[in-house]
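A structural walkthrough
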Amino acid sequence: MEVELFGICPFTTTQVLLQGKWAMLTMHHISEGPIRFNELQRRLPKMTNATLSTQLKKLENYGLIERKMYDEMPLRVEYSLTEMGSKLKPVFDSIEVFGMEYIAYMKENGVKL
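The written sequence of each chain sets the order in which its residues are numbered from 1. Local features in this predicted model are restricted to residues whose pLDDT is 70 or higher, and side-chain atom pairs enter the listing and the counts only when it is 80 or higher, whereas totals over whole chains, interfaces and linings include all residues. Derived side-chain values reflect all non-hydrogen atoms in the structure, with water molecules and hydrogen atoms excluded from consideration.

1. Regarding the confidence of the model for the protein chain
Under the convention used in this document: Per-residue confidence from the predictor is reported as pLDDT, which spans 0 to 100. In this text, helices come from DSSP runs of H or I with a minimum length of four residues, and strands from runs of E with a minimum of two, each type numbered from the N-terminal end.
For the protein chain, per-residue confidence averages 93 on the pLDDT scale, and residues scoring 70 or more make up 98% of the total. For the protein chain, per-element mean pLDDT is lowest for helix α1 (residues 10-17), which scores 92, and highest for helix α5 (residues 83-86), which scores 97.

2. Looking at the environment of Thr-13
Applied cut-off: Only heavy atoms enter the contact rule, under which two residues are in contact if any of them lie within 4.5 Å. Two N or O atoms form a polar contact when they lie within 3.5 Å of each other; inside protein one atom must be a possible hydrogen donor and the other a possible acceptor, and for residues adjacent in sequence the pair counts only when both atoms belong to side chains.
Mapping Thr-13 onto the fold places it in helix α1. It is 27 Å that separates the C-alpha atoms of Thr-13 and Ile-103, two residues lying 90 residues apart in sequence. Apart from the residues within four sequence positions on either side, Thr-13 is in contact with Leu-5, Phe-6, Gly-7 and Ile-8. At 2.8 Å, the side chain of Thr-13 and the backbone nitrogen of Gly-7 are in polar contact.

3. Some points on the pattern of salt bridges
Basically, it comes down to this: What counts as a salt bridge is simple: a side-chain nitrogen of Lys or Arg found within 4 Å of a carboxyl oxygen of Asp or Glu. Burial status follows relative accessibility: with a 1.4 Å probe on protein chains alone, a residue under 20% of its type maximum counts as buried, one over 50% as exposed, and anything between as partly exposed.
Per the stated rule, a full pass over the model turns up six salt bridges. A salt bridge links Glu-32 to Arg-43, with the shortest nitrogen-to-oxygen separation between them at 2.8 Å. Of this pair, Glu-32 sits in the loop between α2 (23-31) and β1 (35-36) while Arg-43 sits in helix α3 (residues 37-43), and the two are 11 residues apart along the sequence. Judged by its relative accessible area of 33%, Arg-43 falls in the partly exposed class. As a salt-bridge pair, Arg-42 and Glu-39 come within 3.2 Å of each other at their nearest N and O atoms. In this pair, Arg-42 and Glu-39 both sit in helix α3, three residues apart, roughly one turn of the helix. On the basis of relative accessibility, which here comes to 59%, the residue Arg-42 falls in the exposed class. Here Glu-39 falls in the partly exposed class, since its relative accessible area comes to 27%. Put simply, Glu-32, Glu-39, Arg-42 and Arg-43 are held in one network by salt bridges that share partners.

This is the structure we're talking about:
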């Protein structure tokens, strides 16, 4: 990947922001509304706690999600999209439409991994 184009090329910039096995799925689940860490973990059962924590910190550092901690016991933390992160929602919707169309194409044409 040409990381030197980060902040210059829109495709490279977006690719860097959403790189990794879990970034897009994590963002997708957060885009559905505020969500707690344990609920994200339940929705992404193959993702370890450490990996989820790292992914959330990275997305927060990029300014795509925000972490809100509530002053109550037991401690409650929720993750939600920032204003900038919410701009990805139509992108995820388009990816979903394409994915569904491609799944149908695969079935019709015998395409396999």
